[in-house]
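What follows is the residue order along each chain.
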Amino acid sequence: MSSAPARISPIPGRVVRGVVWLLLFTVLAAGGAGLISQTWHAPGTPARAELTFAGDRALQARLDAATVRLRAIAADADRLAGEAKRALSEVSSFDPARLEASLARGDALAATIDQAARALRDSLNGLPGDGANASLEYSNPTLVRRAAVLAASDAASSIGGQWRTVTARAGDAANLIARISEHDQTVVEALQQGVARRYLDAATILDTAILTVASIQELRKQLIASAQPTVLDEWIDRSRAYDVALQALYAALDDSKGKITIEVQAARREERLAYENLPPDRRTIIVIVAEVARGGLTQAVLAIEDAGGHIEAALAETGAAPTVAP
């Protein structure tokens, strides 16, 4: 049996060395990945502003010009919203001159806004930043501002139409109030003829009052879409009932030559009952105007304010994107 020393197999040593090298490569790979993640950034982020600076500067120049236009439109829109609210309050003032003055001021502002909105849209024609590679060519703040300016342009373009809705609805409501006032004045005229014992003339004048109520009923169909009973419907029914009862009384007095007969007494009772059902004062007209306003006037006023809010939101993005070289 040999006495030479046994040789140690080299296999375990190679395994150990392999494990050590594997661990070393893993550490180096992890460190390299971290280094790469820290040094590489996608275009469009603040860390790579130099890659989008040229595109940002060119696009921001056009957005700056649009912002100047938007500031002027925003100021006019704010004043127009004030006139819209004023028109809403003047509808029931019974002074058509005040409403007409408010509407005239609003018309001038709306025309100015329409012209400025058209110029703004023209300046934004062909605005870059909507292509497939926009996120690579422009920074995110620039693209956000671009979207806000375009939204504000759309809002500015809608203001003129919203004002025309205000004008139309205010005009309709004012026309309604004018007809109600016309009716009441006609009834007063008939009463004056009755006091003067001109009963036939009084009854004839009331024909006009009854026709006016009919025209108000037709106008109601245009102003209030709902078929549900309203205060205006109640005013129409009660006013018509009183006009008919008063006319019957004057007709009876004309037939009796002014003497108090059974027919006159019966007609008088009907006239008194109808009179008691009339609205107690002019505050009913305010309620009627409120009903008409719900049909579109109030909504149009709110829409003008909403459009102004979109413009203000775009102006808030004015300094969102870099304009100097990194």
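Residues numbered from 1 in each chain as written. Predicted model: local features only at pLDDT ≥ 70, side-chain atom pairs only at ≥ 80, totals over all residues. Heavy atoms only, no water.

Chemist: Would you explain the overall build of the protein in this entry?
Modeler: Counting secondary structure elements, the protein contains nine helices and zero strands. Taken from the N to the C terminus, the helices and strands of the protein come in the order α-α-α-α-α-α-α-α-α. Relative to its 326 residues, the protein shows a buried fraction of 37%. Of all intrachain contacts in the protein linking residues separated by at least 6 positions in sequence, the fraction that spans at least 24 positions is 79%. Element-wise, carbon and sulfur atoms account for 59% of the exposed surface of the protein, whose accessible area totals about 18400 Å². (Helix = DSSP H or I, 4+ residues; strand = E, 2+ residues; numbered from the N terminus. Buried < 20%, exposed > 50% of the residue type's maximum accessible area, 1.4 Å probe, protein only. Contact = heavy atoms within 4.5 Å. Areas by Shrake-Rupley, 256 points an atom, 1.4 Å probe, with all protein chains shown as cover.)

Chemist: Could you clarify how one ought to interpret the layout of surface pockets in this entry?
Modeler: Space left empty within the atom packing is revealed by a probe, the size of a water molecule, rolled over the atoms. The space that makes up the second largest pocket amounts to roughly 200 Å³. Around the second largest pocket sit 14 residues that line it, and Leu249, Tyr250, Leu253, Arg268 and Glu271 are the ones nearest its centre. Taken together, the elements giving at least two residues each to the lining of the second largest pocket come down to helix H5 (140-195), helix H7 (231-255) and helix H8 (262-276). Split into classes, the residues belonging to the lining of the second largest pocket amount to nine nonpolar, two polar and three charged. (1 Å grid on protein atoms, 1.4 Å probe; cavity = no way out; pocket = protein on both sides within 12 Å on 5 of 7 lines; lining within 4 Å. Points joined across faces, edges and corners; volume = space filled by probe spheres on them. Nonpolar A, V, L, I, M, F, W, Y, C, P; charged D, E, K, R; others polar.)

Chemist: Is there a simple way to think about the nonpolar core in this case?
Modeler: It is characteristic of soluble globular proteins that their nonpolar side chains tend to be buried jointly. Residues Leu70, Leu80, Ile159, Trp163, Val166, Ile304 and Ile311 are the most contacted members of the largest nonpolar core, which totals 42 residues. Of all the secondary structure elements, the ones that give two or more residues to this core are helix H2 (49-90), helix H3 (96-123), H5 and helix H9 (283-316). Apart from residues lying up to four places away in sequence, Ile311 is in contact with Leu70, Ile73, Ala74, Ala152, Ala156 and Ile159. Judged by nonpolar contacts, the second largest core, of 18 residues, contains Ala202, Ala203, Tyr242 and Val264. (Core = buried A, V, L, I, M, F, W, Y, C linked by side-chain atoms within 4.5 Å.)

Chemist: Would you mind going over the environment of Leu136 with me for this structure?
Modeler: With respect to the helices and strands, the residue Leu136 is situated in helix H4 (residues 134-137). Distance from Leu136 to Gly55, taken between C-alpha atoms, is 9.5 Å for residues 81 residues apart in sequence.

Chemist: Help me understand unusual backbone geometry, please; the structure alone is not making it clear to me.
Modeler: One can expect most non-glycine residues to show negative phi and most peptide bonds to be in trans. We note that Arg197 has phi near 65 degrees; this positive angle belongs to a residue other than glycine. For Arg197, the position within the fold is in the loop between H5 and helix H6 (199-223). Overall, the relative accessible area of 58% leaves Arg197 in the exposed class.

Chemist: Help me understand H7, please; the structure alone is not making it clear to me.
Modeler: Helical geometry note: an α-helix holds 3.6 residues per turn, so side chains three or four residues apart project in the same direction. Taking 1.5 Å per residue as the helical rise, H7 with its 25 residues ought to reach 36 Å, and the 36 Å between its terminal C-alpha atoms agrees with that figure. Two to three positions downstream of the cap, the backbone nitrogen of Leu232 sits 3.3 Å from a side-chain oxygen, assigning the N-cap of H7 to Thr230. Among the residues trailing H7, Lys257 stands out with phi positive, at a value near 60 degrees. (Expected span 1.5 Å × (residues − 1). Polar contact = N/O pair within 3.5 Å; in protein donor to acceptor, adjacent residues only side chain to side chain.)

Chemist: Looking at this structure, how should I read the confidence of the model for the protein?
Modeler: A low pLDDT means the predicted coordinates there should not be read in detail. Mean pLDDT over the protein works out to 81, with 77% of the residues at or above the 70 mark. Looking at the elements of the protein, mean pLDDT is at its lowest for helix H1 (residues 11-39), recorded as 52, and at its highest for H8, recorded as 95. Contacts from residues 4-9, a stretch scored under 50 in pLDDT, to residues over four places away or in other chains number zero contacts. Counting interchain partners and residues more than four positions distant, the pLDDT-below-50 stretch residues 35-45 has 13 contacts. (pLDDT = per-residue confidence, 0-100.)

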